[in-house]
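Take a look at the letters that make up each chain.
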Amino acid sequence: TVIAMGEHVKNLKLGQRVGLGWFSNSCMYCHSCLRGDHNLCATAEQTIVDRHGGFANLVRCNALWAIALPENMKAENAGPLLC
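Read on for an overview of the structure. All of these numbers come straight from a predicted model, not from anything done at the bench.

## Side note on the packing of aromatic side chains
Then, in step 1: Evaluation of the coordinates by the stated rule reveals one aromatic pair.
Then, in step 2: Where Phe23 meets Trp65, the ring centres are 5.6 Å apart and the plane angle is 45 degrees; that geometry is what we call tilted. In this pair, Phe23 is assigned in strand S2 (residues 23-25) and Trp65 in the loop between strand S3 (45-46) and strand S4 (66-68), connecting sequence segments 42 residues apart. Take Phe23 and Trp65: they sit in the same class, and that class is buried.

Here it is as structure tokens:
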């Protein structure tokens, strides 16, 4: 659930349910990011590896990596889709 966000975030709303997959950030300016292949970014930041996040109560991510979940989708059904 989105509990805070930056002033420039336009794709999410406070209180919205979201999912976060393997990655939580990327540079947004390399060739891969600019063509929409953020997962291929050489500096992509993983959600769990080398940082806190995967099993934490809260996690911070770039808003573009947060995927809005349909209200009627159970959280346990969203997990496989985010992998």
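## Quick notes on the nonpolar core
One recurring pattern in soluble globular proteins is that nonpolar side chains are buried together.
Then, in step 1: Within the largest apolar cluster, seven residues are counted, these being Phe23, Cys27, Cys30, Cys33, Cys41, Ala44 and Trp65.
Then, in step 2: Not counting residues within four places of it along the chain, the set of residues in contact with Ala44 comprises Phe23, Asn25, Ser26 and His38.

Conventions adopted
- Residues numbered from 1 in each chain as written.
- Predicted model: local features only at pLDDT ≥ 70, side-chain atom pairs only at ≥ 80, totals over all residues.
- Heavy atoms only, no water.
- Phe/Tyr/Trp six-rings, centres within 6.5 Å; stacked < 30°, edge-to-face > 60°.
- Helix = DSSP H or I, 4+ residues; strand = E, 2+ residues; numbered from the N terminus.
- Buried < 20%, exposed > 50% of the residue type's maximum accessible area, 1.4 Å probe, protein only.
- Core = buried A, V, L, I, M, F, W, Y, C linked by side-chain atoms within 4.5 Å.
- Contact = heavy atoms within 4.5 Å.

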